[in-house]
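Here's the letter readout for the chains.
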Amino acid sequence: MGFFIITIFVISIFFSLLEERMIKDRLPVYLIIGLLLVLVSAFKVVGVDPDSDNYEYTFLHYDASKSFFSIEYSYIFLSWVVHFFTDDVHGLFLIYALMGVGIKLYAIPKFTNLWFLPVAMYISYYYVAHECMQIRTGVLSGMFLLAIIAQGDGNKRKAFLFLLIGTLFHYSGIILFLMLLLSNKQMTKKQRTKWMLVIPIAYLLYLFGFSFLFNGTLNIPYISDRIALYQSATEKGIGNFASVNVFSPFQLLTVFLYYYLMYFYETIEKFNPYFPLLMKLLNLGIFFYVAFAFFPVLAQRVSMLYETVCIIVYTNIYYTLKPRWASISIIFLIGLLFLNYSLPYLGIDLFWKV
């Protein structure tokens, strides 16, 4: 599975080098790459990742899972539909892969004229995390991208609807409704400075303690139950939320790239009409990861959702460096680093263990 993911990643980078010459002919290649991503996600071996066994069990026993507090009704409903045709969980995986991959590949061209570089960035991390593992979140993150476009165009009702649909697939989407408070208006230098200060503030909160605000009084239906469940797993060292390292190379690279792209803000916004909103959302992702590091499940879940925008945002490095092959090479190296962090979740060590 890892071999196929790496191969499709390299193919995407290769076609990004040729994209300017094949503008009129790139759609078939784009669709073929999308089809390959759907097939790899849909027909993975159950057990290759930490979540697929649980998904299969719930699929096979969906009648016993008809509880608002166990799993989203959308999963139960789709399981019920698939059972009319097959008892193989891969039928369900196929539906989620078509939605998760399909929505993202539909959204990408609406953000940028570059198609293959965003796909490469998507494959390098979020494809593994969302389409190969957290398949319900994969649909949510796709709807999030559509909501960003609607919000950026000033259509808050449409953005709200996209977020609502996404939340039906994973209830963590509730936290994404904060986006409706943000605008896509061009940021002044003063406003950009204020946003850039948010990240140092997050690190100060981390260093001096922020957990006193969460002393067990949080009581939100379903959400509190899920957080308690994840927190219990964290305390036992179960799952992927055992700890958060706010000074890890991966996190520091994210912070560096945020400031790098903000430095070239005026250059990039000419090419990306949604850049102001995207950078605000990336900022929130970094803030949640650092400030809530004392609560690993919350920090990782929320930050990963908001940082889905990295699929688009990191592609903008393309506009900051010349010649073109140099910027694509930098993005390729960043993608390789992200693959190194994502593939171990599938039991594959690319370069070094993380």
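These remarks concern the structure in this document. (Residues numbered from 1 in each chain as written. Predicted model: local features only at pLDDT ≥ 70, side-chain atom pairs only at ≥ 80, totals over all residues. Heavy atoms only, no water.)

Focus: the overall build of the protein chain
A count of helical and extended segments in the protein chain gives 16 helices and zero strands. Within the span of the protein chain, comprising 354 residues, buried residues form 56% of the whole. For the protein chain, the share of sequence-separated contacts (at least 6 apart) that also reach a separation of at least 24 residues comes to 75%. For the protein chain, the accessible surface area stands at approximately 16300 Å², while carbon and sulfur atoms represent 67% of it. (Helix = DSSP H or I, 4+ residues; strand = E, 2+ residues; numbered from the N terminus. Buried < 20%, exposed > 50% of the residue type's maximum accessible area, 1.4 Å probe, protein only. Contact = heavy atoms within 4.5 Å. Areas by Shrake-Rupley, 256 points an atom, 1.4 Å probe, with all protein chains shown as cover.)

Some thoughts on the nonpolar core
Judged by nonpolar contacts, the single largest core of 126 residues is most densely connected at Ile5, Ile148 and Met179. Among the elements that make up this core, the one with the highest residue count is helix 6 (residues 116-133) (14 residues). Other than its neighbours up to four places away in sequence, isoleucine 148 contacts Phe111, Met179, Tyr274, Leu277, Leu278, Leu281 and Val309. (Core = buried A, V, L, I, M, F, W, Y, C linked by side-chain atoms within 4.5 Å.)

Let's talk about the packing of helix 5 (residues 90-111) against helix 7 (residues 135-152)
At a minimum axis separation of 8 Å, helix 5 and helix 7 run at an interaxial angle of 25°. Between helix 5 and helix 7, the crossing angle belongs to the class labelled roughly parallel. The way helix 5 lies across helix 7 gives a crossing that is left-handed. Residue-level contacts link Phe93, Tyr96, Met99, Gly100, Ile103, Lys104, Tyr106, Ala107, Lys110 and Phe111 of helix 5 to Ile135, Arg136, Gly138, Val139, Ser141, Gly142, Met143, Leu145, Leu146, Ile148 and Ile149 of helix 7. Class assignment for the residues of the contact of helix 5 with helix 7 results in 14 nonpolar, four polar and three charged. (Axes fitted to C-alpha atoms, helices over the stretch in contact; angles between N-to-C directions. Parallel < 35°, antiparallel > 145°, perpendicular 65-115°, else oblique. Left-handed = near helix turned anticlockwise from the far one by under 90°. Nonpolar A, V, L, I, M, F, W, Y, C, P; charged D, E, K, R; others polar.)

Some details on the environment of proline 200
Among the structural elements, proline 200 can be located in helix 9 (residues 189-208). Residues proline 200 and phenylalanine 287, spaced 87 residues apart in sequence, show a C-alpha to C-alpha distance of 8.9 Å.

Focus: the environment of lysine 189
Turning to its location among the elements, lysine 189 is positioned in helix 9. Once the C-alpha coordinates of lysine 189 and tyrosine 265 are considered, the two residues, 76 residues apart in sequence, prove to be 9.5 Å apart.

Considerations on the side chain of serine 12
On the secondary structure map, serine 12 appears in helix 1 (residues 2-18). A relative accessible area of 0% means that serine 12 is categorised as buried. A polar contact is formed between the side chain of serine 12 and the backbone oxygen of isoleucine 8, at a distance of 2.9 Å. Each residue touching serine 12, except ones within four places of it in the same chain, is listed here: Ile33, Phe116, Val119, Ala120 and Ile123. (Polar contact = N/O pair within 3.5 Å; in protein donor to acceptor, adjacent residues only side chain to side chain.)

Overview of the packing of helix 3 (residues 52-60) against helix 4 (residues 73-82)
Relative to each other, helix 3 and helix 4 sit at 65°, their axes nearing to 9 Å. Here helix 3 lies roughly perpendicular to helix 4, going by the angle between them. Handedness of the helix 3/helix 4 crossing: right-handed. Contacts between helix 3 and helix 4 involve Tyr55, Glu56, Thr58 and Phe59 on the former and, on the latter, Tyr75, Ser79 and Val82. The residue inventory of the contact of helix 3 with helix 4, partitioned by class, reads four nonpolar, two polar and one charged.

Focus on the pattern of salt bridges
In the structure shown here, the tally under the stated rule is six salt bridges. With its nearest N and O atoms 2.5 Å apart, the salt bridge here joins arginine 26 to glutamate 19. Of the two residues, arginine 26 and glutamate 19, neither departs from the other in class, the shared state being buried. Two residues, arginine 324 and glutamate 20, come together in a salt bridge whose shortest N-O distance is 3.6 Å. Taken together, the residues arginine 324 in helix 16 (residues 324-342) and glutamate 20 in the loop between helix 1 and helix 2 (26-42) connect sequence positions 304 residues apart. Take glutamate 20: its relative accessible area is 52%, and that puts it in the exposed class. (Salt bridge = Lys/Arg side-chain N within 4 Å of Asp/Glu carboxyl O.)

Some words on a nonpolar patch on the surface
Together, Leu204, Tyr206, Leu207, Phe208, Phe247 and Leu252 give the surface a local cluster of nonpolar side chains, amounting to about 640 Å² of exposed area. Examining the composition of the nonpolar patch, we find that four residues originate from one element, helix 9, more than from any other. Mapped onto the secondary structure, phenylalanine 247 falls in the loop between helix 10 (223-235) and helix 11 (249-263). (Patch = residues over 30% accessible without salt bridge, like charges linked within 9 Å, V, L, I, M, F, W, Y side chains within 5 Å.)

All we've got here are geometric facts, nothing functional implied.
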